[in-house]
Amino acid sequence: MATNLKLKGNWNILKGKLKEKYGELTDDDLTYVEGKEDQLLGKIQKRTGEAEDIIKREFFEEN
């Protein structure tokens, strides 16, 4: 999954978009640690109730 994520270099932009769409996310929810993308995705999914594949497709996969 790490190779498909567009986190590096774009994290602040992505973080803003996630908070805009999912207002219930906190800064702690969106703490990104390189190599821990699956944990980040799990936290977002747990907090929002959104399906994992939808979150991945909309925010994390390369176009």
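All figures in this text were calculated on a predicted structure; none of them were measured in a lab. (Residues numbered from 1 in each chain as written. Predicted model: local features only at pLDDT ≥ 70, side-chain atom pairs only at ≥ 80, totals over all residues. Heavy atoms only, no water.)

A. Representation of helix α1 (residues 11-21) in the model. Of the residues making up α1, those classed as buried are Trp 11, Leu 14 and Leu 18. End-on, the buried residues of α1 take up no more than an arc of 65 degrees, which puts them together on one face. Exposed side chains of α1 directed beyond 90 degrees from the buried face belong to Asn 12, Ile 13 and Glu 20. (Buried < 20%, exposed > 50% of the residue type's maximum accessible area, 1.4 Å probe, protein only. Helix = DSSP H or I, 4+ residues; strand = E, 2+ residues; numbered from the N terminus. Arc of directions from axis to C-beta.)

B. Looking closely at the confidence of the model for the chain. Taken residue by residue, the chain gives an average pLDDT of 79. The fraction at 70 or more is 79%. Between the elements of the chain, mean pLDDT differs from a low of 84, seen in helix α3 (residues 52-60), to a high of 88, seen in helix α2 (residues 37-48). (pLDDT = per-residue confidence, 0-100.)

C. Layout of the packing of α2 against α3. Contact geometry for α2 and α3: axes closest at 10 Å, N-to-C directions at 120 degrees. When the axis of α2 is compared with that of α3, the two are oblique. Here α2 and α3 pass one another in a crossing that is right-handed. Every residue of α3 that contacts α2 at Leu 40, Leu 41, Ile 44, Gln 45 and Thr 48 is listed here: Glu 52, Ile 55, Lys 56 and Phe 60. Grouping the amino acids of the contact of α2 with α3 by side-chain chemistry returns five nonpolar, two polar and two charged. (Axes fitted to C-alpha atoms, helices over the stretch in contact; angles between N-to-C directions. Parallel < 35°, antiparallel > 145°, perpendicular 65-115°, else oblique. Left-handed = near helix turned anticlockwise from the far one by under 90°. Contact = heavy atoms within 4.5 Å. Nonpolar A, V, L, I, M, F, W, Y, C, P; charged D, E, K, R; others polar.)

D. The arrangement of the nonpolar core in detail. Residues Trp 11, Leu 14, Leu 18, Tyr 22, Leu 25, Leu 30, Leu 40, Leu 41, Ile 44, Ile 55, Phe 59 and Phe 60 constitute the largest nonpolar core, which totals 12 residues. Only α1, α2 and α3 provide two or more residues apiece to this core. Leave out the neighbours within four places in its chain, and Leu 18 touches Trp 11, Leu 25, Leu 30, Ile 44, Phe 59 and Phe 60. (Core = buried A, V, L, I, M, F, W, Y, C linked by side-chain atoms within 4.5 Å.)

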